[in-house]
Each structure stands twice: as structure tokens, then as C-alpha cells.
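Topology and contacts: notes
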Amino acid sequence: MADYERIGRFIYGFHRIANPETLRDLLASGPLPSGLADRGAALAERFDAVLADWQEDARLERGDSVSDERIAALLKDTRDFSAELAYARTQGA
């Protein structure tokens, strides 16, 4: 059975760092260093994939297939990306 508290904490934690829609829309937000917008979109896709896996777990009534390591890695990568994006914007990118 899905652990909805864990899922909620993940969604809340991710959104505290970055908004998935904003990450997807970085290409339209102006010039950025090479690859930065693509990395943002990839993070949003990883976020979506975690939610899709949880949704599939619930549909199939199986245990939680999303590991703590996967969640921690995605949150870390998102924090690192957010800091890099903030720095790039201070540099006029």
C-alpha cells in the first residue's frame, strides 16, 4: 500500500526547491548557459517518473517501488541545479 505521507513529503520537498512547470519552461525564460534548461527539464521528467511509479504501485496494489536513495538523489540534484541556476542568473545569463 502506498505511503501517502512519504509521497506528500517528497512532493512538498521538491516544490520547496523548484516547481516542475518552471523547470520545463526554462527554455522560454531567456538565455541560459548551455544545457542548463535541458537539465531543468530532465529534473521535471524525473519528478514525473517518481509520481508515475507511485501511481502504478497504487494501481497494482503493490508495495512502494520508489527507493529512498532515488528520492534523495533527485532532491539533491534539484538543490544543486537550483543553486547553479541562481548563480547563472546573477551572472547575467
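Preceding block: the structure.
These notes cover the structure that comes with them. If you're wondering where the values come from, they're calculated on a predicted model, not measured in any experiment. (Residues numbered from 1 in each chain as written. Predicted model: local features only at pLDDT ≥ 70, side-chain atom pairs only at ≥ 80, totals over all residues. Heavy atoms only, no water.)

Turning to the overall build of the protein, a few remarks are in order. When its secondary structure is counted, the protein shows four helices and zero strands. Sequence-ordered secondary structure for the protein, helices as α and strands as β, is α-α-α-α. The C-alpha extent of the protein, read off along each of the three principal axes, is 50 × 20 × 15 Å. When the 93 residues of the protein are sorted by exposure, 30% land in the buried category. Relative to all contacts within the protein whose residues are 6 or more apart in sequence, the contacts with residues 24 or more apart total 68%. Of the roughly 5900 Å² of accessible surface on the protein, 53% is carried by carbon and sulfur atoms. Positive and negative side-chain charges of the protein, numbering 12 and 17 respectively, have mean locations separated by a distance of 4 Å. (Helix = DSSP H or I, 4+ residues; strand = E, 2+ residues; numbered from the N terminus. Buried < 20%, exposed > 50% of the residue type's maximum accessible area, 1.4 Å probe, protein only. Contact = heavy atoms within 4.5 Å. Areas by Shrake-Rupley, 256 points an atom, 1.4 Å probe, with all protein chains shown as cover. Lys, Arg positive; Asp, Glu negative; His and termini not counted. Charge placed at Lys NZ, Arg CZ, Asp CG, Glu CD.)

This brings us to the packing of helix H3 (residues 36-59) against helix H4 (residues 68-90). H4 packs onto H3 with a crossing angle of 155° between their chain directions and a minimal axis gap of 10 Å. Between H3 and H4, the angle falls in the class roughly antiparallel. Handedness of the H3/H4 crossing: left-handed. Contacts between H3 and H4 pair Leu36, Arg39, Gly40, Leu43, Arg46, Phe47, Ala49, Val50, Asp53 and Trp54 from the former with Arg70, Ile71, Ala73, Leu74, Asp77, Thr78, Phe81, Glu84, Leu85 and Ala88 from the latter. A breakdown of the residues in the contact of H3 with H4 according to their chemical character gives twelve nonpolar, two polar and six charged. (Axes fitted to C-alpha atoms, helices over the stretch in contact; angles between N-to-C directions. Parallel < 35°, antiparallel > 145°, perpendicular 65-115°, else oblique. Left-handed = near helix turned anticlockwise from the far one by under 90°. Nonpolar A, V, L, I, M, F, W, Y, C, P; charged D, E, K, R; others polar.)

Before going further, it helps to spend a moment on the pattern of salt bridges. Here the structure, examined in full by the defined rule, presents eleven salt bridges. Close ionic contact of Arg24 with Glu21 constitutes a salt bridge, the shortest N to O distance being 2.8 Å. In this pair, Arg24 and Glu21 are both assigned in helix H2 (residues 20-24), three residues apart and thus about one turn of the helix distant. Two residues, Asp53 and Arg70, come together in a salt bridge whose shortest N-O distance is 2.5 Å. Placement of Asp53 in helix H3 and of Arg70 in helix H4 is noted, with a sequence separation of 17 residues between them. Residue Asp53 is classed as partly exposed on the basis of its relative accessible area of 26%. (Salt bridge = Lys/Arg side-chain N within 4 Å of Asp/Glu carboxyl O.)

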